[in-house]
Amino acid sequence: MEKTSEKNTAAFTHLSTLSQYIIPFGNYIFPLIIWTNYKDKSEFADHHGKQALNFQLSILLYTLLLALIAIPIFVTIILQNIPVEAFFNDRHFILRNFDFQSHIGMLSVGITAVILFGLLKFVEFFLVIYASIKASNGELYKYPLTIPFIK
C-alpha cells in the first residue's frame with residue numbers, strides 16, 4: 001500500500017502537466033522536476049512520473065505529425081490561390097476568385113488534421129485528470145497510445 005505522500009506526489013505529477021496552459025513547456029518541466037526528485041524514493045512516484053512524461057512526449061510527437069500534415073497543405077493551397085486581384089480597399093482585404101473546389105481533397109486532409117489536433121488536446125486534458133485520480137487512489141495507471149520513451 002502506497003503512503004498518502006506518494007499518492008499525492010504521483011497525482012500532482014500528472015496534474016502538473018496542465019501547467020502548459022499557463023507556462024510554455026510547463027507540461028515537460030514540472031513533471032520532470034517532480035519525477036527526478038522522487039524517482040529514487042518511491043517506485044509508485046517513479047511509475048507515474050514516467051507515465052506522465054511519456055504521455056506528454058507522445059502528445060508532442062502526434063502534434064508535430066499533425067502539424068507537418070496540416071501546415072504545408074494550407075500554405076500551399078493559399079499561396080496557389082491568391083489571385084492578382086487581392087488588394088486592400090478601405091481597410092478591408094478583398095480576395096476574388098479564390099478556388100477551393102479544385103483542392104477539396106487536400107483541404108479535407110488538412111481540416112481533418114486540425115480536427116484531430118483539437119480532439120487530441122481535448123482527450124489529453126481528461127486523461128490527465130483521470131490519471132491523477134487513479135494515482136490519488138493508489139492505482140497504477142498507463143496512458144493509452146503512449147510511446148515508452150523513458151523506461
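Read on for a plain summary of the structure. Note that the coordinates shown come from a computational prediction; the quantities given were computed from them, not determined experimentally. (Residues numbered from 1 in each chain as written. Predicted model: local features only at pLDDT ≥ 70, side-chain atom pairs only at ≥ 80, totals over all residues. Heavy atoms only, no water.)

Considering the overall build of the protein chain
- From N to C terminus, the protein chain includes four helices and two strands.
- Secondary structure elements of the protein chain occur, N-terminal to C-terminal, as α-α-α-β-β-α.
- Among the 151 residues that make up the protein chain, the fraction classed as buried is 36%.
- When the accessible surface of the protein chain is split by element, carbon and sulfur atoms take 69% of a total near 9,700 Å². (Helix = DSSP H or I, 4+ residues; strand = E, 2+ residues; numbered from the N terminus. Buried < 20%, exposed > 50% of the residue type's maximum accessible area, 1.4 Å probe, protein only. Areas by Shrake-Rupley, 256 points an atom, 1.4 Å probe, with all protein chains shown as cover.)

A short note on the pattern of salt bridges
- Tallied over the entire structure, the rule returns three salt bridges.
- For Lys 134, the salt bridge is made with Glu 139, and the minimal N-O distance between the two is 3.0 Å. (Salt bridge = Lys/Arg side-chain N within 4 Å of Asp/Glu carboxyl O.)

Some remarks on unusual backbone geometry
- Phi at Phe 25 takes a positive value of approximately 65°, unusual for a residue other than glycine.
- Along the chain, Phe 25 turns up in the loop between helix H1 (4–15) and helix H2 (26–38).
- When its relative accessible area of 58% is taken as the criterion, Phe 25 is described as exposed.

Notes on the packing of aromatic side chains
- For the coordinates displayed, the defined rule picks out seven aromatic pairs.
- Here the aromatic rings of Phe 25 and Tyr 28 are separated by 6.4 Å at their centres, their planes lie at 35°, and the arrangement is tilted.
- Note on Phe 55 and Tyr 143: the rings are 4.0 Å apart at their centroids and 5° apart in plane angle, and the pair reads as stacked. Of this pair, Phe 55 sits in helix H3 (residues 43–81) while Tyr 143 sits in the segment after helix H4 (104–136), and the two are 88 residues apart along the sequence.
- Taking the relative accessible area as the measure of exposure, Tyr 143 reaches 4% and is therefore buried.
- Grouped by ring-pair contacts, the aromatic residues Tyr 21, Phe 122, Phe 125 and Phe 126 constitute a single cluster.
- Across from the ring centre of Trp 35, 4.7 Å away, lies the NZ or CZ of Lys 39, which sits over that ring.
- Residue placement shows Lys 41 over the ring face of Tyr 38; its charged tip is 5.1 Å from the ring centre. (Phe/Tyr/Trp six-rings, centres within 6.5 Å; stacked < 30°, edge-to-face > 60°. Lys NZ or Arg CZ within 6 Å of the ring centre and 35° of its normal.)

Digging into H2
- With 13 residues, H2 extends 18 Å between its outermost C-alpha atoms, agreeing within 8% with the 18 Å of an ideal straight helix rising 1.5 Å per residue.
- Residues of H2 that are buried include every one of Gly 26, Asn 27, Tyr 28, Pro 31, Ile 34 and Trp 35, and no others. (Expected span 1.5 Å × (residues − 1).)

Let's talk about the side chain of His 14
- Summarising the element assignment, His 14 is placed in helix H1.
- Not counting chain neighbours up to four residues away, the residues in contact with His 14 comprise His 48, Gln 51, Ala 52, Val 128, Ala 131, Ser 132, Ala 135 and Tyr 143. (Contact = heavy atoms within 4.5 Å.)

A few points about the environment of Ile 59
- Structurally, the position occupied by Ile 59 is in helix H3.
- With relative accessibility at 5%, the residue Ile 59 sits in the buried group.
- With sequence-adjacent residues up to four places away left out, Ile 59 is seen in contact with Leu 120, Lys 121 and Glu 124.

A closer look at the packing of H1 against H4
- At a minimum axis distance of 8 Å, the contact between H1 and H4 shows a crossing angle of 175°. Regarding the angle of H1 to H4, the classification is roughly antiparallel. Every residue of H4 that contacts H1 at Lys 7, Ala 10, Ala 11, His 14 and Leu 15 is listed here: Val 128, Ile 129, Ala 131, Ser 132, Ala 135 and Ser 136.
- Across the contact of H1 with H4, the residue classes tally to seven nonpolar, three polar and one charged. (Axes fitted to C-alpha atoms, helices over the stretch in contact; angles between N-to-C directions. Parallel < 35°, antiparallel > 145°, perpendicular 65-115°, else oblique. Nonpolar A, V, L, I, M, F, W, Y, C, P; charged D, E, K, R; others polar.)

Things to note about the environment of Ile 111
- In this fold, Ile 111 is placed in helix H4.
- Spatially, the C-alpha atoms of Ile 111 and Ile 69 are 9.8 Å apart, while their sequence positions differ by 42 residues.

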